[in-house]
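# Structural characterization, general
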Amino acid sequence: MEDNTLLRFSSNVGSLIKLSQDRRTAERLRANQEFNFGLAFSEKPIDCIFTIKIDKLVSSWSGSLEIGVTTQLPADASNAAAANYLPETTWIYSGRSILVNGKSISDEYGEDMEKLKEGDLVSVERKSNGQLHFYLNGKDQGLAAINLPENLYAIVDLYGKCVRVHIHEFSDSEHLAKAVTEDQCLKNPSLHFRIIEGIGVELSNGSTIINNVYSGIDDPVNEDISKNSNKPFNPYICAVTNRPLKNSEIFEVAIVEKTTGEFSTFEIGIALLSEDVGLDLPIVISDLLLSGTSLLQHNGNCILNDDSASNLSNFSFTSKSVFDLSVGDTVGVVKFENGNLNFLINGKSVGSTIRGVNPNKRLFGIVRFDANIITLSLIDRSSSLNNCDSLLQDTSYYHTLGSEYTFSNFHGSDICLLPNMKTLRRNNHSRLDTMAFSSQPLVVGKPFSLVIDAVSANFSGSLSIGFVDKIIEEFPVSPFTFKERSYFFTPHGLVHNGVVVRTDVSCNSLVFGDVVSVCLRSESLISFSINNNVAYTFAFPHNSSIFAAVDIAYQVWQSSILSNNVLSDQSGSATDVIPLAFETNFHGKNCIVEELKAKRPNASDEFNDAIVMSNRPLLDNEIFEVHIDSMIERWSGSIEIGLTSIPPDKMNFPSTMTDLDNGIWMVSGSSLMQNGNTILNGYSGDLDLTAEGMDVGVMRCGDNTLHIFIDGVDYGIACVNIPPKVYAIIDLYGQCAEISLLNPNRGPFTQSELSTVTKHTDVSRANVSKPNVFEKPGFELEDPLNATRQDLDSKSECFFSQKILQKGEVFEIYIGEIDMQLAGSLKFGISNKKFSSALKIDSGVQLWYWEGCTAFSNTSTLHIEYSLENLSVGNHIAVMINSDNDVVFILNGERLQTTFHNVICDTPYAYLELYGKVKTATISKFPNSSSIIKQKTSLKHQHVEINSSDATFNPCYGRHITLLNSSKTAIRSIGYNYGITIGSTPFCKSKFFQFRIDKKSNMWKDSFSIGVISSNLISSIEIASNASSLTNVCFLLTKHGVFIDRALVDDSIKVDFSKYDVGSVIGMYADSFSNIHLLINGVENGVIFHSVDPKSFPFVDMYGQLQQISIVPSLTVIDRSVEKAARVDTGKETMPVPYFKCEYFMNCQRFKNTLRLPLGYFDQSSKGVICYCPSCHKLRGDDPYYKQGDPLKPYAVPLGWCKYVLKHRRRLPHNVAETLSNWHVAYYGVDLAHLRKCLDSTELLYNKKFGIFKLNDLKTLNIECSLKECFEDMLFISPTLAYCAQNCFLPPIEYYDSTLKMHFNVQAALEVFVRPGCYMSRLPSVVPDQPYDKIIPISEIEWFTKENGAIILSSLLLHLQPRLS
């Protein structure tokens, strides 16, 4: 008779699955020929942990077992080829990915399923709260998904390597935890919990118990649990340690969160557990005596012990009762080798010692408590071993989490700790050993704050404050001593793991009376503050306790911990406000949300379903501000932002935010919307004009209005009558793909701070109107943001601003398109009237404009140092009338010195006349005079003179360097190294560095190198033998290439400076984008370093031959032709040069331009394009075949094709990115109609839709019967284009080249990397009369696989052939 209590597989299984052993074993047939159709399901919906054991694996395939749950009935799902093909909702654990309905929501979950071995246990569980967990060999891999429905069937896919499994019966979490043997636990020195008793309990990281069921009397959750359980609801939770306690080892727990109710039970102690049977603790306290357990009673009046009842009469309780425990309090127990037992509350012994405990027994730590405790955490006390005796005597070592902070007795020898344990004082003037630590870990929401009591005028600098993960007892130490898991806020900047990581954030300016703090804001957020103002906040996930650390070196002589300090808002009043974050549990279905980040994972395929919200309502005058991290060019529309009165858990998230029709106020583009209806168009803060790198924020002000902020600028009232308690809401729509939250601990703005916020001009709600755009008299412009010459044969075309310019209003344009075959440029300025033609200007028209290198007015002309003839695409020019009635011109953010003064004009319009080479000019997105004029020019000029007579070398230099001539000449006096010299001023957008070679020596072979160095490295220059030894933000240009922090990052940019003789001038300058350009004898040689910190310094390593250099204060830049590659002159042609002169390449390039593919998909470096026409191939001397992979396999070079290298846009694991050279190379013919879909998804397309084979070819192609079953799910590739680019597979399309006036046949293919072992090879589907290839065997011509994830797109290939008429 069948046992109905056993778990079994359903009889409905995949076509290759055979069931045996009473349907408890599943095996995939023909395992060496087939890798799929191996689905098995549980017979019934699972209501407990479902565990299988792997019995057999084969090595023929890649991929392995996949497991999960599904809503699909087994009878309807067994025909699927794989688990991720099921049409209904599925959650699958595959490799390291969690797949929902076949799409990955996480690629870094748990351990790798492909590494499973025979005998391993794999489990899946849907918890009562709807959470999904997976287990490998009893180890919880963590939370995989939430909000799962009930009645789910377990699904097992015997895929790839996995051939046979059987159901391994586990009844509950307790038995599953016992699958980890005790020997394995003993190998792990860290203590962890094992749950023995409790319903609705979650164990996080093995050390934190989270009670998801509160013990309310009328709690409906508890009633439901009781109804659905065979046993009555038990409100108690019991847990034991994963291994026996060692002698002198403290077992200690902390109450992290509790309800407002009082305890009915809280017990902690040690227990003797059976080796075979788990401890079954009854609720009745008297039964504990029979279980051989030592426990501390909840009323705190006695301690029960099974060795001798007489011990109880001698015990006296002297400390806080367990009945009075609150959040932050700790309780512990420790047994000693002599048989003594002590209990501790908040680090203090609670009474006399209990004696007579057998120290040789295997005693486990045990804790038991009622549901009034929500979260209980195990404290790691591994560092306290062998220190328990002193711990019990010195109660100042560890204090209650609920009491005030104090300092530990461990501190540097140059400071003393006053008796109050809160004040540090310097003993002497030494600064070497002045570090101290807090005596207890940092507590969430409770800042560790220091006030400066006394300072000394003999020193500069200030104290340092930070945190470490352990208190050390070996001194001296400093913030630079800790090499892991440490952060310090110092006078030098932020120091992370002993290295300065930021110099713009420091506490160098502290004075007497200032307060500096470190605060654990949440479990993963930490902040530093000065005088209650947050200076820096960052994410620092941690699993163990962290301690405050203080170094009172430099000027601070005495400092004390502030008493009764709590997390406060900006006004200084105490508050319990939770830091802002994204709501992680409720959001749109097409986004991945963390506390501080949100992104749309399939941004190239999906543009909606990505609404996110704040985790709590905004306070009055509190801003919810995000940074746009990533944008996608493919879509229209962008980020949308607003406020809603609907909480996240009540929100029914639509596909787009504009579909919300209740309780919503938002901005979409430049439209203001309320409850789904547009209430106003033309709002000045147009979100469709935002770009990657910009900041966008929303605020509910105290006057009940909604304000939008863009890059910190308040764009004014967007909506009114906003109710209180509204949440921020954002739609990652269209182009916006990823955002991150800024300043989550900022808190509300004060009224004084609001008054200083930059206001956008003319943005009050009463004055909201259309932005100033172009107008052309007599014509209607299709796009008023663009001025375009319609007729290039006409002499000129005139455009004007639509509205009169206000004082201080900047009218800025940038150059969109030019024609280099034409001469001339444009006129730009101010006019008092509009006119249709420059040839017919009325006598009453007054003009103030800029043309060429001259500024003209009706009465005068002025010289301008910059010529508009040199404008190129992307350059910005602007004009404005300031408050002094001056007409001001601005070029690339730099205000020019040439100005028309005291201009009298009642109706000033911006005036633009296009002629010559400029075809299109566009109005800039956000012109703002205060921000624009702070910027400097990045325009390259044909001849520019800049003088800086005060340029010198820095007083910090290598030990073999001597400075002469007022520090303008550097000489290396001896040796060949220790010759680093630094410029005296950091790079900024108007500075440069240039030197002349004065003297060389032929004694040495090598020569100098140049670079850029971070300011915090200057002090170490003296001991650096050469620049190659410098790290931490060091850019270096040598004859081998560009290095960053000693790592070679670009070998295409390199200069052998030994070729330059005495008298040569070498220089560097920074453009407006902080890119560093190289100058050699005044010739611009392009960018050598990208995105350099403007506060960095230039340097020269006077190595080898170079003996003397001098500063050259005058900079002359001669611009090279725009068409020349931005690469240094190495004395020979660089590789790409022949391709740009190749006629075949130019033909392919023109065709590629017609495809309108995003430039961001392609490698834009010099190695990004390779032409394989016969001429270029011969010129390079390439072989026709190469071998790659492990094992090596040949592939044919794509002769006759042009190759465009693709960027790796798919996120790859580090081990894959580093070993692509071990993957094989193949080709995939792609229909041009579907090329964009391949590039967007970064994946090949299966044959059921696309590919080199069509379904109607099955009858004629050589396809085996076994292959036909899964033909639609296969990808076919080949190591040679001679095969996969045949016309029968890849029919060419016709293309007309209007430049050559010729017709071409065009084909496209993709070069791919294929992971070895994930595909099979076979005879070609079309057998030729002659072999396809002389090198590649015919049996290796055609490869097939179904694993798209094991294929990475490498390059796009194009082939053009003249079409015969």
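Residues numbered from 1 in each chain as written. Predicted model: local features only at pLDDT ≥ 70, side-chain atom pairs only at ≥ 80, totals over all residues. Heavy atoms only, no water.

### Focus: the sheet that holds strand 3 (residues 39-41)
Sheets are built from strands paired through backbone hydrogen bonds, the pairs being either parallel or antiparallel. Here is the rule we go by: Two strands are counted as paired when DSSP detects at least two bridges linking them. In this description a helix means any DSSP run of H or I spanning at least four residues, a strand means any run of E spanning at least two, and both kinds are numbered starting from the N terminus. Here an axis means a line fitted to C-alpha atoms, over the contact stretch when the element is a helix, while the angle between two N-to-C directions is reported on a 0 to 180 degree scale.
Strand order in this open sheet of six strands is 3-12-5-6-7-8, and the pairing throughout is antiparallel. The two strands at the open ends of the sheet, each matched to only one other strand, are strand 3 and strand 8 (103-106). Adjacent strand axes in the sheet meet at a mean angle of 25 degrees when their direction is disregarded. Pairing between strand 6 (residues 90-94) and strand 7 (residues 97-100): four bridges, direction antiparallel. The residue of strand 7 that forms the bridge with Tyr 93 is Ile 98.

### Some remarks on the sheet that holds strand 72 (residues 1009-1013)
Read from one edge to the other, the open sheet built from six strands follows the order 70-79-72-73-74-75, with strand pairing classed as antiparallel. The open sheet terminates on both sides in strands that have one partner only, identified here as strand 70 (980-982) and strand 75 (1047-1050). Put simply, the sheet's adjacent strands are angled 25 degrees from each other on average, direction ignored. Two strands pair when backbone bridges link them, and strand 74 (residues 1041-1044) and strand 75 are joined in this way by three bridges, in the antiparallel orientation. The residue of strand 75 that forms the bridge with Phe 1043 is Leu 1048.

### Some words on the packing of aromatic side chains
The line we're drawing: A pair of aromatic rings is counted whenever rings of Phe, Tyr or Trp (Trp by its six-membered ring) have centres within 6.5 Å, and the orientation is called stacked for planes under 30 degrees apart, edge-to-face for over 60 and tilted otherwise. Exposure classes here rest on a 1.4 Å probe applied to the protein chains alone. A residue is buried below 20% of its type maximum, exposed above 50%, and partly exposed in between.
Evaluated as defined, the whole model comprises 36 aromatic pairs. Ring geometry for Phe 407 and Phe 448: centres 6.0 Å apart, planes at 75 degrees, overall edge-to-face. Of the two residues, Phe 407 is situated in strand 27 (residues 407-411) and Phe 448 in strand 31 (residues 448-455); the sequence distance between them amounts to 41 residues. Ring geometry for Phe 835 against Tyr 911: centres 5.7 Å apart, planes inclined by 50 degrees, an arrangement best described as tilted. Placement of Phe 835 in the loop between strand 58 (826-831) and strand 59 (847-851) and of Tyr 911 in strand 65 (residues 909-914) is noted, with a sequence separation of 76 residues between them. Assessed through its relative accessible area of 6%, Phe 835 is described here as buried. Among the residues examined, Tyr 911 registers a relative accessible area of 1% and is labelled buried.

### Quick word on the confidence of the model for the chain
Stated precisely, the cut-off is as follows: As a per-residue quantity, pLDDT reports the predictor's confidence and falls between 0 and 100. By definition in these notes, contact holds between two residues if any of their heavy atoms fall within 4.5 Å.
For the chain, mean pLDDT is 76; residues scoring 70 or higher make up 77% of the total. This model gives residues 762-769 a pLDDT under 50, and the stretch forms 19 contacts once residues within four places in sequence are excluded. Low pLDDT, under 50, characterises residues 926-948; the predicted model gives this stretch 76 contacts beyond four residues in sequence or across chains.

### Describing the pairing of strand 39 (residues 547-551)
Counting buried residues in strand 39 gives five out of five residues, a clear majority hidden from the surface. Going residue by residue along strand 39, you find Phe 547, Ala 549 and Asp 551 tucked away on one face and Ala 548 and Val 550 tucked away on the opposite face as well. Bridge count for strand 30 (residues 435-441) against strand 39 is four bridges, and the pairing is antiparallel. Along strand 39, the bridge assignment pairs Ala 436 with Val 550. Both strand 32 (residues 464-468) and strand 39 contribute to a ladder of five bridges, which runs antiparallel. Its bridge partner lying in strand 39, Gly 466 is registered against Ala 549.

### A few points about the nonpolar core
Note the threshold: We call a set of buried residues a nonpolar core when its members are Ala, Val, Leu, Ile, Met, Phe, Trp, Tyr or Cys and they connect through side-chain atoms within 4.5 Å of each other.
Membership of the largest hydrophobic core comes to 42 residues, with the highest contact counts inside it found for Tyr 1204, Leu 1244 and Leu 1310. At the level of elements, helix 11 (1143-1154), strand 82 (1169-1171), strand 85 (1202-1205), strand 86 (1224-1230), helix 14 (1235-1241), strand 87 (1275-1277), strand 89 (1302-1314) and strand 92 (1351-1362) are the ones that each hand at least two residues to this core. If you tally residues by element for this core, the top one is strand 89, at six residues. Among all residues touching Leu 1310, those that are not within four sequence positions of it are Ala 1226, Tyr 1227, Tyr 1228, Val 1230, Leu 1235, Cys 1238, Leu 1239, Leu 1244, Leu 1353, Ser 1355 and Leu 1356. By size, the runner-up hydrophobic cluster in this structure holds 38 residues, among which are Leu 687, Ile 708, Val 713 and Tyr 715.

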